[in-house]
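So the chains spell out like this:
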Amino acid sequence: MFEQLELAPADPILGLTDAFRRDPRPEKVNLGVGAFFDDEGKVPSLQSVRRAEQILAENDSDRSYLPILGAPRYGELVRELLLGDASGARAVTAQAPGGTGALRVAADFIARHRPGRVWLSDPTWANHGAIFRAAGLETVSYRYYDATSHGVDIEGALTALRGAAPGDVVLFHGSCHNPTGCDPDQAGWEALAALQAERGFFTLFDVAYQGFGDGLTEDVQGLRAFVKRGAPMFIASSFSKNFSLYNERVGALTFVGGSEDEALRVASQLKIAVRTNYSNPPRHGAALVTCVLDDAELRRTWEAEVTGMRARLKELRGSFVAALKAAGAARDFEFILGQKGMFSYTGLSAAEARRLTEDHGVYLVSSGRINVAGLTSRSLEYVARAVARVVS
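This text gives an overview of the structure that appears in the document. (Residues numbered from 1 in each chain as written. Predicted model: local features only at pLDDT ≥ 70, side-chain atom pairs only at ≥ 80, totals over all residues. Heavy atoms only, no water.)

## Side note on the overall build of the protein
In terms of helices and strands, the protein carries 13 helices and 13 strands. A compact globule built from 392 residues would reach a C-alpha radius of gyration of about 21 Å, and the protein, at 21 Å, matches this within 12%. C-alpha extents for the protein along the principal axes are approximately 60 × 55 × 55 Å. Taken across its 392 residues, the protein has 55% of its residues classed as buried. Long-range contacts, defined as pairs at least 24 residues apart, comprise 75% of the intrachain contacts of the protein with a sequence gap of at least 6. Summing over all exposed atoms, the protein offers an accessible surface of approximately 17,300 Å²; the carbon and sulfur share of this is 51%. Averaging the coordinates of the 43 positive side-chain charges in the protein and doing the same for the 47 negative ones gives two points 1 Å apart. (Helix = DSSP H or I, 4+ residues; strand = E, 2+ residues; numbered from the N terminus. Rg over C-alpha atoms; globule rule 2.2 N^0.38 Å. Buried < 20%, exposed > 50% of the residue type's maximum accessible area, 1.4 Å probe, protein only. Contact = heavy atoms within 4.5 Å. Areas by Shrake-Rupley, 256 points an atom, 1.4 Å probe, with all protein chains shown as cover. Lys, Arg positive; Asp, Glu negative; His and termini not counted. Charge placed at Lys NZ, Arg CZ, Asp CG, Glu CD.)

Following this line, the structure appears as structure tokens:
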């Protein structure tokens, strides 16, 4: 079978990083990879997490398997962050290896119990479609981004989703939409929640950047609008970004149902999905998150660190727009100021993105999406001048 095996295409983001590493130019800049970087271009190690590591090293010796759905206290803390006090006994959480692992568990569950179409925003994270198709599900798109206004086309989304059947699943980004950086306002979320109640489709929220938009609570107001109406849903969440725990793969899949009995029945089926996938979750990263969130002082430190990361992203957007103006860019980039989180849909074409990479060593994906956190005080003006040359 290996003689006829074809070489698989490179992942568009990871392949971009490989090309960046091979580039000998000292001025090169990587704006493709989806991680938060400090002004030194490094993934930060949070003080709250370092202290939690010390506490665990000094007091913890348990190396036994976790339960299939993970540590119960971790699940409680995940639900507290996402839902506040809104869910009660109607919710259950399965600890997962990252947000991607949570999405795959959801996909396997859906394929077995509710095999309708999965609706994804146009555009969406590149891996979304692959995850659901790998589970045997059909994916379709709904209108989301308006390239003219550089914002959310809420009317277009509502019109498209009126075609969603009761057996279908609709995926929403909880906040800091990847790749556009554009989120619905609260009125938009309320309209989408009302449509769900009308059409009866099942909802799946992907929450990968909680705290990077407007705040830890503010960034989940959209999904809470659905919870308030009693709609059953899945929430795939991740601590990679807001805890800077990328390589620990710390995530969760939370189900919110209509009753405690419903949540228990779903939990029993989630155990099967997990057991036949990775059996039970890794422990260390989730233990760090639990330690931080359960300690009042460490939690305050962490919340301040998330506030600092969010402030950096906002400052970078403002500085980048100002630098583009100063460089004489023949295009208005003011809309970048209204985007949230790490990513920005710049409006650059595939040809312009290619020129930036080939001529200037500025690496970004062909859609024109950049990771704002990839900019530093040293590289920002260089990137702005390169963009100005490309769009002139």
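We are not done yet, so read on.
## Focus: helix α4 (residues 98–113)
If you check α4, its first and last C-alpha atoms are 23 Å apart, about what 16 residues at 1.5 Å a residue would give, namely 22 Å. Residues Gly98, Gly99, Gly101, Ala102, Leu103, Val105, Ala106, Ala107, Phe109 and Ile110 constitute the buried set of α4. (Expected span 1.5 Å × (residues − 1).)

## Focus on the pattern of salt bridges
In the structure shown here, the tally under the stated rule is 17 salt bridges. A salt bridge links lysine 228 to glutamate 190; its shortest N-O distance comes to 3.5 Å. Taken together, the residues span a long stretch of sequence, with lysine 228 in helix α8 (residues 221–228) and glutamate 190 in helix α7 (residues 186–199) at a distance of 38 residues. Residue classification places lysine 228 among the exposed positions, given a relative accessible area of 64%. (Salt bridge = Lys/Arg side-chain N within 4 Å of Asp/Glu carboxyl O.)

## Concerning the sheet that holds strand β3 (residues 118–122)
Within the open sheet, the seven strands sit side by side as β2-β10-β9-β8-β7-β3-β4. Their pairing is mixed. Both outer strands of the open sheet, β2 (91–97) and β4 (139–143), are each paired with one neighbouring strand and no more. Strand-to-strand twist in this sheet, taken as the mean axis angle between neighbours without regard to direction, amounts to 25 degrees. As paired elements, strand β7 (residues 169–173) and strand β8 (residues 202–207) share five bridges and run parallel to each other. From the neighbouring strand, valine 169 faces β8, where its bridge partner is phenylalanine 202. Here α8 sits on the sheet and contacts β7, β8, β9 (233–238) and β10 (250–256); the angle it forms with β8, its principal contact strand, is near 155 degrees. (Pairing = 2+ DSSP bridges. Axes fitted to C-alpha atoms, helices over the stretch in contact; angles between N-to-C directions.)

## With respect to the packing of aromatic side chains
What the rule picks out here adds up to 17 aromatic pairs. The structure contains a cluster of three or more aromatic residues connected by ring pairs, namely Tyr142, Phe172, Trp189, Phe205 and Phe226. The cationic tip of lysine 28 hangs over the ring face of phenylalanine 20; the distance from NZ or CZ to the ring centre is 4.6 Å. (Phe/Tyr/Trp six-rings, centres within 6.5 Å; stacked < 30°, edge-to-face > 60°. Lys NZ or Arg CZ within 6 Å of the ring centre and 35° of its normal.)

## Some thoughts on the pairing of β9
Of all six residues in β9, six are buried, a share of seventy percent or more. Across the two faces of β9 the burial is the same, with Met233, Ile235 and Ser237 and Phe234, Ala236 and Ser238 all buried. Note that the unit made of β8, α8 and β9 has a crossover that is right-handed. Summarising the sheet, β9 and β10 pair through six bridges and their orientation is antiparallel. Residue pairing across strands places serine 237 opposite alanine 252, the latter belonging to β10. (Right-handed = clockwise from strand over helix to strand, strands pointing away.)

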